[in-house]
Amino acid sequence: MSIVTVQLGQCGNQIGHEVFSALCSDIRGTHGLCSKKENESYHDSCKERFFCEEESGVPVARAVLVDMEPKVISQTLSMAARSGHWKYNSHSHFCQKQGSGNNWANGYSVHGPRHKEAIMNLVQKEAEKCDRLGGFFTMMSMAGGTGSGLGAFVTQCLRDAFPASFILNHVVWPYGTGEVIVQNYNSVLTLSHLYQSSDALLVHENDVIHKICAQLMNIKQISFRDVNQVIAHQLGSVFQPTHTGGEGSGYSRNPLGDLMETLVPHPEFKLLGLRNIPQMPENSLAYSTFSWPGLIKHLRQMLIANAKMEEGIDWQVRPPHPGSSIPSTSKPLHFNTSIANLVILRGKDVHGVDLGSFQDPSLYTSWLNPQDAFSAWKTPRAFNKYEKSASLVSNSQFLLKPLDSIVGKAWNMFASKAYLHQYTKFGIQEEDFLDCFTTLEQVISSYTNL
């Protein structure tokens, strides 16, 4: 099954480009460390998922690029074409001249309805090229105007036009000390609208990725491109083909459906966080060896202590004792309760790895059977030069703190009516804001009470 990617705004388009580049360099690499047959089926499965073939033999990304200013899209198209390894379809993009000026309401209420037909026609064309459409993967940031406002509008249009398809929104959470004064408003509006129309939101926090670049990748002057490459590596580690059944089962045909089925058992809980280990500069790889038990132990502790990366994990955090029926308020401090977790292993000897520690009932909320709450996908094919790598996609309290903080900051501004006139002039009224706050307060309360 194929996935159609919709790249929205500057951030979405730049990340989308890095994701397709990462997928392509991974399938072109000779570092598969697995049998030729395995490598070929991996290669074919990835191609079917993300690219369609042209006569020239150059893979074309199944993507629609949307932005309200032309600069980023034209850079993105030409960078992809110059690589010689893949490209975008030259007709699958839509841009205007004026931008959305970091105003969510402008993207949602003005640009969205005005350009709906043109954008949805492009999406429809891409969807029709798929033998079997597995769903849509949108990429956007929450802070600006186009990615967030237009992104929320386009997601609703996708839901209306394709009611039976899966929609996964990849959302980039702004820096805490962000560069856009109204980013908290934009974020609250985006999240609450996506919560209505999306199947799941996969979130990356800029602050976290920045730390990974500084501390793990040892990058001195961190650029947006460095941040985007780390995000792309993490997304690739989830969306490249894997065996979702036991050994001998073919590569999964329906990646988005499988992801939703394993991680989103209830529509109230659809915030997914992603962790990936190991991560290091390429020149250190040759000198590093990893064992599966070590990787799994780190990944599990990152989960329960809500650590963002494998450095600086708090090893003191322990799950509560099974059987002690303590109310959720007196849980051990900093312990991160999960609804569902998915671990993805890539590399040699994956089939012998013991993942029992992730099936511990004390990690999960009481209303789901731990057998149903945990899944593992594996492939002996290594990913992106890492001999062994492990990813965790988690529906848990990962995002509770940042969500609470962003809603709190937005509410303080809203209470003093700061900048509201910029939204009301485009038709987003105070009642709309209040509805959004209500939606997110409900999400916060649901995750808090796990």
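Residues numbered from 1 in each chain as written. Predicted model: local features only at pLDDT ≥ 70, side-chain atom pairs only at ≥ 80, totals over all residues. Heavy atoms only, no water.

1. Description of the overall build of the protein chain
Filter applied, for reference: The helix and strand labels rest on DSSP assignments: H or I over at least four residues marks a helix, E over at least two residues marks a strand, and numbering proceeds from the N terminus. Atoms counted for the radius of gyration: C-alpha only. Globule rule: 2.2 Å times residue count to the power 0.38. In this scheme, a residue with accessible area under 20% of its type's maximum is buried, one over 50% is exposed, and one in between is partly exposed, where area comes from a 1.4 Å probe on protein chains only. Note on contacts: a residue pair is in contact if any heavy atoms of the two residues lie within 4.5 Å.
Helix and strand counts for the protein chain stand at 15 helices and 13 strands. The C-alpha atoms of the protein chain give a radius of gyration of 21 Å, which matches the 22 Å a tight globule of 450 residues would have. The principal-axis extents of the C-alpha atoms in the protein chain amount to approximately 60 × 60 × 45 Å. The 450 residues of the protein chain split such that 59% are buried. For the protein chain, restricting intrachain contacts to residue pairs at least 6 apart in sequence, the fraction spanning at least 24 positions comes to 81%.

2. Concerning the layout of surface pockets
Operational definition: Using protein atoms alone on a 1 Å grid, points that fit a 1.4 Å probe yet trap it form a cavity, whereas open point sets bounded by protein on both sides within 12 Å along at least five of seven lines form a pocket; residues with an atom within 4 Å of a point count as lining. Grid points are joined across faces, edges and corners, and a volume is the space filled by probe spheres set on the points. Each domain's limits were defined by an automated method or a database of domain assignments.
For the second largest pocket, the calculated volume is near 670 Å³. Contributing to the lining of the second largest pocket are 27 residues, with Met-217, Gln-229, His-233, Glu-282 and Asn-384 lying nearest its centre. Of all the secondary-structure elements, those providing two or more residues to the lining of the second largest pocket are helix H1 (9-28), helix H3 (70-83), helix H8 (224-239) and helix H10 (282-285). The element best represented in the lining of the second largest pocket is H1, accounting for seven residues. Taken together, domain 1 (2-272) and domain 2 (282-399) each give at least three residues to the lining of the second largest pocket, which thus spans both.

3. Observations concerning the side chain of Asn-395
Note on placement: Asn-395 falls in strand S13 (residues 388-396). If sequence neighbours within four positions are ignored, Asn-395 has contacts with Leu-263, Val-264, Pro-265, Phe-269, Lys-270, Leu-271, Leu-272, Ser-338, Ile-339, Ala-340, Asn-341 and Tyr-447.

4. Comments concerning the domain arrangement of the protein chain
What counts is decided by this rule: Two parts placed together each lose some accessible area under a 1.4 Å probe, and adding up what both lose gives the buried area. Between Lys or Arg on one side and Asp or Glu on the other, a salt bridge is scored when a side-chain nitrogen of the former is within 4 Å of a carboxyl oxygen of the latter. Classification convention: Asp, Glu, Lys, Arg as charged; Ala, Val, Leu, Ile, Met, Phe, Trp, Tyr, Cys, Pro as nonpolar; all other residues, Gly among them, as polar.
Looking at the assigned domains, one finds that the protein chain contains domain 1 (2-272), domain 2 (282-399) and domain 3 (401-449). One C-alpha centre belongs to domain 1, the other to domain 3; they are set 26 Å apart. Taken residue by residue, the interface counts 29 residues in domain 1 and 24 residues in domain 3. Roughly 2,400 Å² is buried in total at the junction of domain 1 and domain 3, and carbon and sulfur atoms are behind 74% of that figure. Seen at the junction of domain 1 and domain 3, the total is zero salt bridges. Contributions of two or more residues to the side of domain 1 that touches domain 3 are made by helix H4 (104-129) and helix H6 (183-197). It is H6 that contributes the most residues to the side of domain 1 that touches domain 3, 11 residues altogether. Split into classes, the residues belonging to the side of domain 1 that touches domain 3 amount to 16 nonpolar, 10 polar and three charged.

5. Overview of the sheet that holds strand S5 (residues 87-88)
Let me state the cut-off plainly: Any two strands between which DSSP finds at least two bridges are classified as paired.
Read from one edge to the other, the open sheet built from three strands follows the order S2-S3-S5, with strand pairing classed as mixed. Edge strands, defined here as strands with exactly one partner in the open sheet, are strand S2 (51-53) and S5. Sheet topology places strand S3 (residues 59-61) next to S5; two bridges connect them, and they run parallel. The partner of Val-60 across the bridge, within S5, is Lys-87.

6. With respect to the pairing of strand S11 (residues 338-347)
The buried fraction of S11 amounts to 10 of the 10 residues, a majority that puts the element mostly inside the structure. Pairing of S11 with S13, which is carried by nine bridges, proceeds in the antiparallel orientation. Counterpart to Leu-345 in the pairing with S13 is Ala-390. By the bridge criterion, six bridges tie S11 to strand S12 (residues 374-379) in an arrangement that is parallel.

7. Details of empty space enclosed by the protein
Empty space left among the atoms is revealed by rolling a probe the size of a water molecule over them. In this structure the tally under the stated criterion is three cavities of 30 Å³ or more. A breakdown of the residues in the lining of the largest cavity according to their chemical character gives seven nonpolar, three polar and three charged. Counting only domains with at least three residues in the lining of the largest cavity, you end up with domain 1 (2-272) and domain 2 (282-399). The space that makes up the second largest cavity amounts to roughly 50 Å³.

8. Concerning the pairing of S13
When a strand is regular, its side chains alternate between the sheet's two faces. For S13, a buried count of nine out of nine residues is recorded, marking the element as mostly surrounded by other parts of the structure. Residues Lys-388, Ala-390, Leu-392, Ser-394 and Ser-396 of S13 are buried on one face, and the alternating residues Ser-389, Ser-391, Val-393 and Asn-395, pointing to the opposite face, are buried as well. Sheet analysis places strand S10 (residues 271-277) next to S13, joined by five bridges and oriented antiparallel. Counted as the bridge partner of Asn-276 is Ser-391 from S13.

9. Things to note about the sheet that holds strand S6 (residues 93-95)
Selection criterion: Inter-axis angles, ranging from 0 to 180 degrees, are taken between N-to-C directions of lines fitted to C-alpha atoms, where helices are fitted over the stretch in contact.
With respect to topology, 10 strands assemble into an open sheet ordered S6-S4-S1-S7-S8-S9-S10-S13-S11-S12, the strand pairing being mixed. Each end of this open sheet is capped by a strand with a single partner; those strands are S6 and S12. The sheet shows a mean angle of 20° between the axes of neighbouring strands, direction not considered. Here strand S4 (residues 63-67) runs beside S6; their pairing, made up of three bridges, is parallel. Across the sheet, Val-66 pairs through a bridge with Phe-94, a residue of S6. Against the sheet, H1 touches strand S1 (2-8), S4, strand S7 (133-141) and strand S8 (166-173), its axis set at about 140° to S1.

10. As for the packing of aromatic side chains
Test applied: The pairing test for Phe, Tyr and Trp rings, Trp by its six-membered ring, is centres within 6.5 Å, and the orientation test on the planes gives stacked under 30 degrees, edge-to-face over 60, and tilted for anything in between. Think of it as a cone above the ring: NZ of Lys or CZ of Arg counts as a charge over the ring if it is within 6 Å of the ring centre and within 35 degrees of the ring normal.
A full pass over the atoms with the stated rule returns 21 aromatic pairs. On the basis of an interplanar angle of 80° and a centroid distance of 6.4 Å, the ring pair of Phe-20 and Phe-50 is categorised as edge-to-face. One end of the pair, Phe-20, is in helix H1; the other, Phe-50, is in helix H2 (residues 36-50), and 30 residues separate them in sequence. Between Phe-20 and Tyr-88 the ring centres are 5.9 Å apart and the planes differ by 85°, which places this aromatic pair in the edge-to-face class. Remark: Tyr-88 occurs in strand S5 and Phe-20 occurs in helix H1; sequence separation between them is 68 residues. For Phe-20, a relative accessible area of 1% puts it in the buried group. Chaining the aromatic ring pairs together yields one cluster made of Tyr-185, Trp-411, Phe-414, Tyr-423, Phe-433 and Phe-437. We note Arg-275 situated over the ring of Phe-398; from NZ or CZ to the ring centre the distance is 3.8 Å. Between the NZ or CZ atom of Arg-346 and the centre of the ring of Phe-383, over which it lies, the distance is 5.8 Å.

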